There are 2 protein chains.
Amino acid sequence: MLTLYYAAHTCSLATHIALEEAGADYSTVRIDFAKTQQQSPDYLKINPKGRVPALVTDRGILTETPAMLAFVAQSFPAAKLAPLDDPFAFAEAQAFNSYLCSSLHIAHAHRMRGHRWVDADDKAAIAAMQKKVPQSVTAGFELVEKDMLKGPWVMGERYTICDAYLFTLAQWLEADGVDPNRIPRVIDHRRRMAERAAVKAAIAQELSA
Amino acid sequence: MLTLYYAAHTCSLATHIALEEAGADYSTVRIDFAKTQQQSPDYLKINPKGRVPALVTDRGILTETPAMLAFVAQSFPAAKLAPLDDPFAFAEAQAFNSYLCSSLHIAHAHRMRGHRWVDADDKAAIAAMQKKVPQSVTAGFELVEKDMLKGPWVMGERYTICDAYLFTLAQWLEADGVDPNRIPRVIDHRRRMAERAAVKAAIAQELSA
């Protein structure tokens, strides 16, 4: 049995979608960022980083979206959510997820989480970071559009964990100041993702909790 | 045949060490950051992100350290550089590498690569980022020290790709303003890593090129 600790409107949606796609038996626990529950003593016992997502398994607790996505794919091989038997293709999928985690999500995070990298009371520096977000997030999505998204799915003909992750980060692009007209293939991917039953189920569950 | 594009004193050292540990047949190409070769038209054909590392394989080109490290481990299973047959243990290793990539390295990058997240000519914002680096990088290494580094190696008794990555980022901690006395287990790990033949070989090759 798996338990996903998540917060609405965060990157935990990617793993939530993957669990749905895999047909996994899992439950969810909502962490309320408005109440700073991610920093509560109880949650810090689950994830000392004070962030979501976290996945409680029979063997222990996992964090970090790229690792959790690969874990879901490997634990439910029948769902064929990653090219598990091909080290090069698997590495390509992992490289995509790693880029989203360490570059695209990080660029986005400078809009609302700037206090991680400058003093929280340095209003000018916080504002300077926010000002750059449309440019840095656009550059990231343009790289995905031009060099990474093979089409129709991220890795080509086969739907993978990468699609769930791209869709998740693509939820925020308008709020980050990205012009959707510059990335039509990413927007089309987002539209097709939104039609999938697993995606609808994960979102409905998060918004109804 | 594999070709590693690397730059001295960067995170490409992690993959370089892994290739040595694996006994891989590989060659290297040095990218000179002082000449901004990572942004040259020729290199952008290899890695459109304009960064190192990149690994040219018979199948195509890989980027992103966590993906490349897992690829080396999977391509040379006899070297036992990751728990390949255990999805949970493999995910733990991947979670560690993902944290290093998306949190610890990112915290470090705010010292010299602040222009990624604010306008390059905003000297006050660049300085505000640099000021926070000792605190944010220390916090990251303390999390590794306290909650992640199982000992004697990152994943416990068995040496893995995670060790090469931690050692690589630990090269920079004094320059980032981290007090080594706060993270004795990380420092001991770094000392033991520096004694390994594969680590010595990778470093010697990078510094002699």
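Preceding this section is the structure that the text describes.
These notes cover the structure that comes with them. (Residues numbered from 1 in each chain as written. Chains lettered and ligands numbered in written order. Predicted model: local features only at pLDDT ≥ 70, side-chain atom pairs only at ≥ 80, totals over all residues. Heavy atoms only, no water.)

Our focus in this paragraph is the interface of chain B and chain A. By a widely used convention, the size of an interface equals the accessible area lost when the partners come together. Contacts between chain B and chain A engage 49 residues on the former and 49 residues on the latter. Surface buried jointly by chain B and chain A totals about 3,700 Å² across both partners, of which 62% is contributed by carbon and sulfur atoms. Counting every contact that joins chain B to chain A gives four salt bridges. The shortest N-O distance in the salt bridge between K131 of chain A and D119 of chain B comes to 3.1 Å. Between chain B and chain A we count 12 residue pairs in polar contact (both at pLDDT 80 or more) in total. (Contact = heavy atoms within 4.5 Å. Buried area = accessible area lost by both parts, 1.4 Å probe. Salt bridge = Lys/Arg side-chain N within 4 Å of Asp/Glu carboxyl O. Polar contact = N/O pair within 3.5 Å; in protein donor to acceptor, adjacent residues only side chain to side chain.)

With that out of the way, let us pick up the pattern of salt bridges. Applying the stated rule across the entire model yields 26 salt bridges over all chains. Ionic pairing is found between D86 of chain A and R59 of chain B, a salt bridge with its closest N-O pair at 2.8 Å. One end of the pair, D86 of chain A, is in the loop between α3 (65–75) and α4 (87–112); the other, R59 of chain B, is in the loop between β3 (54–56) and β4 (61–63), on a second chain. The class for D86 of chain A is partly exposed, based on a relative accessible area of 22%. Among the ionic pairs, D188 of chain A bridges to R192 of chain A, the shortest N-O distance being 3.0 Å. Taken together, the residues span about one helical turn, with D188 of chain A and R192 of chain A both in helix α7 (residues 184–194) at a distance of four residues. (Helix = DSSP H or I, 4+ residues; strand = E, 2+ residues; numbered from the N terminus. Buried < 20%, exposed > 50% of the residue type's maximum accessible area, 1.4 Å probe, protein only.)

One chain copy maps onto the other through a rotation about an axis and a shift parallel to that axis. Of the two same-sequence chains, chain B is brought onto chain A (RMSD 0.0 Å, axial shift 0.0 Å) by a rotation of 180 degrees. What we have between these two chains is a two-fold relation. When the interface residues of chain B are mapped onto chain A, 100% of them are again interface residues, pointing to one common binding face. (Least-squares fit on C-alpha atoms with pLDDT ≥ 70 in both.)

As a further point, take the packing of aromatic side chains. Scanning the model with the defined rule gives seven aromatic pairs over all chains in all. Each ring, one from W153 of chain B and one from Y159 of chain B, has its centre 5.2 Å from the other, and the planes form 85 degrees; the classification is edge-to-face. No difference in accessibility class separates W153 of chain B from Y159 of chain B, as the two residues are buried. Its guanidinium or amino end placed over the ring of W153 of chain A, R192 of chain A lies 4.9 Å from that ring's centre, counting from NZ or CZ. Between R196 of chain A and the ring centre of W153 of chain A, over which it is positioned, the NZ or CZ distance is 5.2 Å. (Phe/Tyr/Trp six-rings, centres within 6.5 Å; stacked < 30°, edge-to-face > 60°. Lys NZ or Arg CZ within 6 Å of the ring centre and 35° of its normal.)

This part is about the pairing of strand β2 (residues 26–30) of chain B. Residues and elements named next belong to chain B. Direction of pairing for strand β1 (residues 2–6) relative to β2: parallel, over a ladder of five bridges. Bridge assignment links L4 to a residue of β2, and that residue is T28. Handedness of the β-α-β unit built from β1, helix α1 (residues 12–22) and β2 comes out right-handed. (Pairing = 2+ DSSP bridges. Right-handed = clockwise from strand over helix to strand, strands pointing away.)

Turning next to the packing of helix α1 (residues 12–22) of chain A against helix α8 (residues 197–208) of chain A. Residues and elements named next belong to chain A. Remark: α1 packs on α8, axes separated minimally by 8 Å, with the N-to-C direction vectors making an angle of 125 degrees. As summarised for this structure, α1 and α8 are arranged oblique, according to the angle between their axes. You can see that α1 and α8 cross each other, and the crossing is right-handed. Contacts between α1 and α8 involve S12, L13, H16, I17, E20 and E21 on the former and, on the latter, A198, V199, A201, A202, I203, Q205 and E206. Its residues assigned to classes, the contact of α1 with α8 comprises seven nonpolar, three polar and three charged. (Axes fitted to C-alpha atoms, helices over the stretch in contact; angles between N-to-C directions. Parallel < 35°, antiparallel > 145°, perpendicular 65-115°, else oblique. Left-handed = near helix turned anticlockwise from the far one by under 90°. Nonpolar A, V, L, I, M, F, W, Y, C, P; charged D, E, K, R; others polar.)

What follows deals with the sheet that holds strand β4 (residues 61–63) of chain A. Residue and element names in this part refer to chain A. Within the open sheet, the four strands sit side by side as β2-β1-β3-β4. Their pairing is mixed. Where the open sheet ends on each side, the last strands, each with one partner, are β2 (26–30) and β4. Going across the sheet, the axis of each strand differs from the next one's by a mean of 20 degrees, ignoring polarity. Both strand β3 (residues 54–56) and β4 contribute to a ladder of three bridges, which runs antiparallel. Bridging across to β4, V56 finds its partner in I61. Together, β1 (2–6), β2 and β3 form the strand contacts of α1, whose direction differs from that of β1 by roughly 150 degrees.

Turning our attention to the environment of D176 of chain A. All names here are of chain A. Mapped onto the elements of the fold, D176 is located in the loop between α6 (161–169) and α7. The buried category is assigned to D176, whose relative accessible area is 3%. Along the sequence, D176 and Q135 sit 41 residues apart, while their C-alpha atoms lie 9.1 Å from each other. With residues near it in sequence (within four places) discarded, D176 still touches H108, R111, V133, P134 and V137. In terms of polar contacts, D176 uses its side chain to reach the side chain of R111, at 2.5 Å.

Okay, the side chain of R190 of chain B next. Residues and elements named next belong to chain B. Among the secondary structure elements, R190 is positioned in helix α7 (residues 184–194). Side chain to side chain, R190 and E174 meet in a polar contact 2.8 Å long. Beyond its immediate chain neighbours, meaning those up to four positions away, R190 contacts F167, A170, Q171, L173 and E174.

For helix α6 (residues 161–169) of chain B, the tally of buried residues reaches nine of nine residues, placing the bulk of the element in the interior. Listed as buried for α6 of chain B are I161, C162, D163, A164, Y165, L166, F167, T168 and L169 of chain B.

Attention shifts here to the nonpolar core. In terms of nonpolar packing, the biggest core is built from 118 residues, with F141 and V144 of chain A together with F141 and V144 of chain B touching the most fellow members. With sequence-adjacent residues up to four places away left out, V144 of chain B is seen in contact with F96, Y99, L100, L104, L149, L166 and V186 of chain B. (Core = buried A, V, L, I, M, F, W, Y, C linked by side-chain atoms within 4.5 Å.)

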